[in-house]
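Inside the fold
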Amino acid sequence: MSYTRYRQGGPGMKLATVAGLVLFVTWSAAPIVWLILSSLLEQKALIAQPPSLAFQHFTLANFWTVLASAAALWRGILNSLIVALFSTAVALALGAPAAYALARLAVPRSDAIAFLILATQMLPSIAIAIPLFLVISRLGLIDNLFSLGVVYLSFNLPIVIWILRGFFLGIPVGLERAAAIDGAGVMRTFWHIVLPISVPPLGAAAVFAFVEAWNEFFFALILTRQSAQTVPLVIASFAGQYQTVFGQMMAAAIISVAPVIALAIIFRDQIVRGFADGMMKG
């Protein structure tokens, strides 16, 4: 529905639009609100049927306990940070030139190649889990941050290529032709002309790749043991055999998502511009 049609619509259309927006925001915000409430409630209030939201049951003890005693959480955050930064940096370093080549150079069947790159994301993780585990196990790289970063690169790199290729296709060809007339080669044009104007999509692709690596659980579960555990595994460890400490689990979850939220807030403009340019122009 366009903005013009919205303005020309009657009270019923406007009311329906507002109601739809309220429903969408409520549906999206409800899990976050419950996460925050759960992190502030005592265990007995959380496991009550129904959960009690009485004021006297709210406490900060869950956060103090996690911050004071969960050394594994800090190790998990550090491991996630290392793996996510490694995967993101390598994905950008390899993905940007690959995306530019598919968008601008005379690569045979570049559209088919781009589709095949994206199609790799359609494979279910469980389909490659066993062969991947066998290969990494025989290489002696189980419970290793480097091997985990390489695995994360396998699903971050295609997304980075796809996002950046769409943006590169939207860059006016005249810019590159002008650089070529001045004697610039392909690499010089890419480095000095294309990359400086590609900061928004690069930022969007970087944030997307970082968040994907930070939140990944399945491969971290099968490829790590103790020393290389990432933060999603540490949070899951709060679910014990006989009791799940829900409040501490939620508090740990809030602490773990804080860097991602901060990253999204800081780079929100680049994310919006990058995805708009990269996805719509592609």
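Residues numbered from 1 in each chain as written. Predicted model: local features only at pLDDT ≥ 70, side-chain atom pairs only at ≥ 80, totals over all residues. Heavy atoms only, no water.

Here we look at unusual backbone geometry
We count it as follows: Working definition: helices are DSSP H or I runs of at least four residues, strands are E runs of at least two. Numbering for both runs from the N terminus.
Backbone torsion omega between Gln-49 and Pro-50 reads -5°, so that peptide bond is classified as cis. Looking at the element boundaries, Pro-50 is found in the loop between helix H3 (43–46) and helix H4 (61–69).

A short note on the packing of aromatic side chains
Selection rule: Here the aromatic set is Phe, Tyr and Trp, taking the six-membered ring for Trp, and pairing holds for ring centres within 6.5 Å; pairs whose planes are under 30 degrees apart are stacked, those over 60 apart are edge-to-face, and all others are tilted.
The final tally for this structure, using the stated rule, is eight aromatic pairs. Aromatic side chains Phe-210 and Trp-214 sit 5.7 Å apart centroid to centroid with 25° between the ring planes, which places their arrangement in the stacked category. Of the two residues, Phe-210 and Trp-214 both sit in helix H11 (residues 199–215), four residues apart, roughly one turn of that helix. Members of the aromatic cluster, joined through ring pairs, are Tyr-100, Phe-167, Phe-168 and Phe-190.

Side note on the pattern of salt bridges
So the rule is basically this: Should a side-chain nitrogen of Lys or Arg be within 4 Å of a carboxyl oxygen of Asp or Glu, the pair is scored as a salt bridge. Three labels apply to residues, based on accessible area from a 1.4 Å probe with only protein chains included: buried if under 20% of the type maximum, exposed if over 50%, partly exposed otherwise in between.
Inspection of every chain in the model, using the stated rule, returns two salt bridges. For the salt bridge of Lys-44 with Glu-42, the shortest nitrogen-to-oxygen distance reads 4.0 Å. Residue classification places Glu-42 among the partly exposed positions, given a relative accessible area of 25%. Between Asp-111 and Arg-165 there is a salt bridge, with the nearest N and O atoms lying 2.5 Å from each other. Pair noted here: Asp-111 is in helix H6 (residues 110–119) and Arg-165 is in helix H8 (residues 145–170), with a separation of 54 residues, a long-range link. By relative accessible area, which is 56% here, Asp-111 ends up exposed.

Overview of helix H10 (residues 186–194)
Which entries qualify depends on this criterion: This arc is built from the directions going out from the helix axis to the C-beta atoms. Contacts between residues were defined by any pair of non-hydrogen atoms, one from each residue, lying within 4.5 Å.
Listing the buried residues of H10 in full gives Thr-189, Phe-190 and Val-194. Along the long axis of H10, the arc covered by the buried residues comes to 100°, so they all point the same way. Exposed and facing more than 90 degrees away from the buried side of H10 are Met-187, Arg-188 and Trp-191. On its buried face, H10 sits against helix H5 (71–104), H8 and helix H9 (173–181).

Regarding the packing of H11 against helix H14 (residues 246–266)
Formally: To obtain each axis, a line is fitted to C-alpha atoms, and for helices this fit is confined to the stretch in contact; angles are then taken between N-to-C directions over 0 to 180 degrees. When an angle is under 35 degrees it counts as roughly parallel; over 145 it counts as roughly antiparallel; between 65 and 115 it counts as roughly perpendicular; any other value is oblique. For this classification, Asp, Glu, Lys and Arg are treated as charged, while Ala, Val, Leu, Ile, Met, Phe, Trp, Tyr, Cys and Pro are nonpolar and the rest, including Gly, are polar.
Taken N-terminus to C-terminus, the directions of H11 and H14 make an angle of 170°; their axes are 11 Å apart at the nearest point. With respect to each other, H11 and H14 are oriented roughly antiparallel. Facing H11, whose interface residues are Val-207, Phe-210, Val-211 and Trp-214, H14 presents Ser-256, Pro-259, Val-260 and Leu-263. Looking at the contact of H11 with H14, its residues break down into seven nonpolar, one polar and no charged.

Topic: the nonpolar core
Stated precisely, the cut-off is as follows: Put simply, buried Ala, Val, Leu, Ile, Met, Phe, Trp, Tyr and Cys residues joined by side-chain atoms within 4.5 Å make one nonpolar core.
Formed by 28 residues in total, the largest nonpolar core has its most connected members in Val-66, Leu-73 and Tyr-152. Where this core is concerned, the elements lending two or more residues are H4, H5, H8, H11, helix H12 (218–223), helix H13 (231–236) and H14. It is H14 that provides the largest number of residues to this core, a total of six residues. In this structure, Leu-73 is in contact with Val-66, Val-231, Val-234, Ala-252 and Ile-255, ignoring residues within four places of it in sequence. Grouped together as the second largest cluster of nonpolar side chains are 22 residues, Tyr-100, Ile-163, Leu-164 and Ala-205 included.

Focus on a nonpolar patch on the surface
The condition is simple: Distance thresholds for patches are 9 Å for like charges and 5 Å for nonpolar side chains (Val, Leu, Ile, Met, Phe, Trp, Tyr), applied to residues having over 30% relative accessible area and no salt bridge. Accessible surface is estimated by sampling points in the Shrake-Rupley manner with a 1.4 Å probe; for residues, cover comes only from the protein chains shown.
Taken together, the side chains of Leu-60, Trp-64, Leu-67 and Trp-74 present a nonpolar region at the surface, about 430 Å² in accessible area. Position of Trp-74 among the secondary structure elements: in helix H5.

Examining the confidence of the model for the chain
The cut-off we apply is this: pLDDT: the predictor's confidence for each residue, scored from 0 to 100.
On average, the chain scores 82 in pLDDT, and the residues at 70 or more come to 89%. Element-level pLDDT for the chain is lowest in helix H1 (residues 3–8), with a mean of 56, against a maximum mean of 92 in H12.

As for the packing of H8 against H11
Heads up, the rule is: With the far helix as reference, a near helix turned anticlockwise by less than a right angle produces a left-handed crossing, and one turned clockwise produces a right-handed crossing.
Direction vectors running N to C along H8 and H11 enclose 160°, while the axes themselves pass 10 Å from each other. By the angle between their axes, H8 is roughly antiparallel relative to H11. Considering the relative orientation of H8 and H11, their crossing is right-handed. Only Pro-201, Leu-202, Ala-205, Phe-208, Ala-209, Glu-212 and Ala-213 of H11 make contact with H8, whose side of the interface consists of Tyr-152, Phe-155, Asn-156, Ile-159, Val-160, Ile-163, Leu-164 and Phe-167. Among the residues forming the contact of H8 with H11, the class breakdown is 13 nonpolar, one polar and one charged.

Some points on the environment of Ala-101
Position of Ala-101 among the secondary structure elements: in helix H5. Among the residues examined, Ala-101 registers a relative accessible area of 18% and is labelled buried. Through-space distance from the C-alpha of Ala-101 to that of Val-186 is 9.5 Å; in sequence the pair is 85 residues apart.

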